[in-house]
Amino acid sequence: MIHRSKAPLRIGLAGGGTDVSPYCDEFGGAILNTTISLNANATIERTSDGKICLEALDRDEQACFDWSENLPLNGHLDLLKGVYNRIQKDYPFNNGGFRLSTYVDAPAGSGLGTSSTLVVAIVGAFVEMLQLPLGEYDIAHYAYEIERSDLQLAGGRQDQYAATFGGVNYMEFYNNDKVIVNPLRIRQRYIDELENNLLLYYTSTSRESAKIIIEQSKNVTAKKSGSIEAMHHLKQQAQMMKEALLKGQLDEIGRILDIGFEQKRRMAAGINNELIDTIYETAKKNGASGGKISGAGGGGFMIFYCPGNTKYKVRTSLQQFGGQYRNYQFVKHGLKTWTV
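About the cut-offs
- Residues numbered from 1 in each chain as written.
- Predicted model: local features only at pLDDT ≥ 70, side-chain atom pairs only at ≥ 80, totals over all residues.
- Heavy atoms only, no water.
- Pairing = 2+ DSSP bridges.
- Helix = DSSP H or I, 4+ residues; strand = E, 2+ residues; numbered from the N terminus.
- Core = buried A, V, L, I, M, F, W, Y, C linked by side-chain atoms within 4.5 Å.
- Buried < 20%, exposed > 50% of the residue type's maximum accessible area, 1.4 Å probe, protein only.
- Contact = heavy atoms within 4.5 Å.
- Axes fitted to C-alpha atoms, helices over the stretch in contact; angles between N-to-C directions.
- Parallel < 35°, antiparallel > 145°, perpendicular 65-115°, else oblique.
- Nonpolar A, V, L, I, M, F, W, Y, C, P; charged D, E, K, R; others polar.
- Left-handed = near helix turned anticlockwise from the far one by under 90°.
- Disulfide = S-S within 2.5 Å.
- Phe/Tyr/Trp six-rings, centres within 6.5 Å; stacked < 30°, edge-to-face > 60°.

(A) Structural view of the sheet that holds strand E10 (residues 301-305). Strand order in the open sheet made by the 4 strands is E9-E10-E8-E11, with antiparallel pairing throughout. In this open sheet, the two edge strands, each paired with only one partner strand, are strand E9 (290-293) and strand E11 (324-325). As paired strands, strand E8 (residues 198-202) and E11 are joined by 2 bridges and run antiparallel to one another. Across the sheet, residue Tyr-202 finds its bridge partner in E11, namely Gln-324.

(B) Quick peek at the nonpolar core. Ranked by size, the top nonpolar core spans 72 residues in total, and within it Leu-13, Ile-36, Leu-100, Phe-126, Leu-198, Met-241 and Leu-245 carry the most contacts. Counting residues per element, this core draws most heavily on helix H3 (residues 114-130), which supplies 10 residues. If we skip the residues at most four places from it in the chain, Met-241 touches Leu-13, Ala-14, Leu-32, Ile-253, Ile-256 and Leu-257. Among the nonpolar cores identified, the runner-up in size contains 14 residues, and Leu-199, Phe-261, Ala-288 and Leu-318 belong to it.

(C) Examining the packing of helix H8 (residues 225-247) against helix H9 (residues 251-264) more closely. Between H8 and H9, the shortest axis-to-axis distance is 9 Å and the interhelical angle comes to 170°. It follows that H8 is roughly antiparallel to H9 by the angle criterion. Mapping the contact onto sequence places Ala-230, His-233, Leu-234, Gln-237, Met-240, Met-241, Ala-244 and Leu-245 in H8 and Glu-252, Ile-253, Arg-255, Ile-256, Leu-257, Ile-259, Gly-260, Gln-263 and Lys-264 in H9. Among the residues forming the contact of H8 with H9, the class breakdown is 10 nonpolar, 4 polar and 3 charged.

(D) Main features of the packing of helix H2 (residues 78-90) against helix H4 (residues 136-150). Their axes nearest at 10 Å, the elements H2 and H4 cross at an angle of 110°. As judged from the angle between their axes, H2 and H4 are roughly perpendicular. The interaxial crossing formed by H2 with H4 has right-handed handedness. Residues Leu-79, Gly-82, Val-83, Arg-86, Ile-87 and Asp-90 of H2 form the contact with H4, whose own contacting residues are Tyr-142, Glu-145, Ile-146, Glu-147 and Asp-150. Here the contact of H2 with H4 is built from residues that sort into 5 nonpolar, 1 polar and 5 charged.

(E) Examining the environment of Asp-150 more closely. Of note, Asp-150 is situated in helix H4. On the basis of relative accessible area, Asp-150 is assigned to the partly exposed category, the value being 33%. Along the sequence, Asp-150 and Val-83 sit 67 residues apart, while their C-alpha atoms lie 9.0 Å from each other. Setting aside chain neighbours within four positions, we find Asp-150 in contact with Arg-86 and Glu-145.

(F) Fine view of the state of the cysteines. Counted under the stated rule, the structure contains 1 disulfide. Covalently, Cys-53 is tied to Cys-64 through a disulfide, its sulfur atoms 2.1 Å apart. Because the sign of the S-S torsion sets the handedness, a value of about 115° for the bond joining Cys-53 and Cys-64 places this disulfide among the right-handed ones. Of this pair, Cys-53 sits in strand E3 (residues 51-56) while Cys-64 sits in strand E4 (residues 61-66), placing them 11 residues apart in sequence.

(G) Quick peek at the packing of aromatic side chains. Applying the stated criterion across every chain yields a total of 18 aromatic pairs. Pairing Trp-67 with Phe-93 gives two aromatic rings, centres 5.7 Å apart and planes at 85°, and the pair type is edge-to-face. Residue Trp-67 is found in the loop between E4 and H2, and its partner Phe-93 is found in the loop between H2 and strand E5 (98-104); the two are separated by 26 residues along the sequence. What makes Trp-67 partly exposed here is its relative accessible area of 21%. Residue Phe-93 is classed as buried on the basis of its relative accessible area of 12%. Seen in terms of ring centroids, Phe-93 and Phe-98 are 6.2 Å apart; in terms of plane orientation they differ by 40°. Their pairing is tilted. Its relative accessible area of 1% is what places Phe-98 among the buried residues. Taken together, the aromatic side chains of Trp-67, Tyr-84, Phe-93, Phe-98 and Phe-126 make up a single cluster linked through ring pairs.

Laid out in structure tokens, this is it:
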């Protein structure tokens, strides 16, 4: 039997970084994001050879092991191993062997939540195979624990919940790992116009988000006022974005994104650099009213709000930087699992 799952990647529209401890534990965080038609995919095929075989098809990486309740973490396929180890610990099973295969539609380090979304997809495949009694909040929190506690990977909380729930959500983050996902009922014509005007641009550079996030967390712990004040503004940005979308004030979106771009660069070193700043200013000179770096920053994807028909001129103007724009659609679904 084959057990499959897929979970959508996300675009963060506002509030990015306020879902990271210790900021959200002390002050509470807020983020507005939406899932898109790029996915992390996972497939588990049962075998009878007593082997555990893992493969990341998009990265051309694979490894096979004799059946074991715990696979060694050594920097190779650790996301796949980490999920298996945790599932085996909490829901022990032995089905004679299996092959776990994964594929992600965007590069690692691209800022669309690829790692966390992949963990959600893998958890989903095991939930489907073992018929585990886990709901949406359970799966999202489980994926978060695997990444942050078991694998000790630095990061926030929004990606796991976006991938699991799907759609346009205003998310609130508090201490004790409390998360509230508020789905937004936005008129379809506003969603269509946002999708039409939002340009997704890949800078063709990836980055290691953990370093930026660790510095961001240290700045909060050290009570650095500039970094904390910037996060306060980004939390307000999420509230402003929510109101603009619900009321259809689409002309405000670029301005709100622009505010966030200025504030985010104050959170930690490495979020922006000369290339990112040049790309951003070029996009604005050619019609974009605002934009942002997706994810932790430093590279990866950027998004630009291009009112009217300005996205075509913006696209042309960015060709000189060697990046690529990506077609996408917003999707309402979160994690999907099935068996064939």
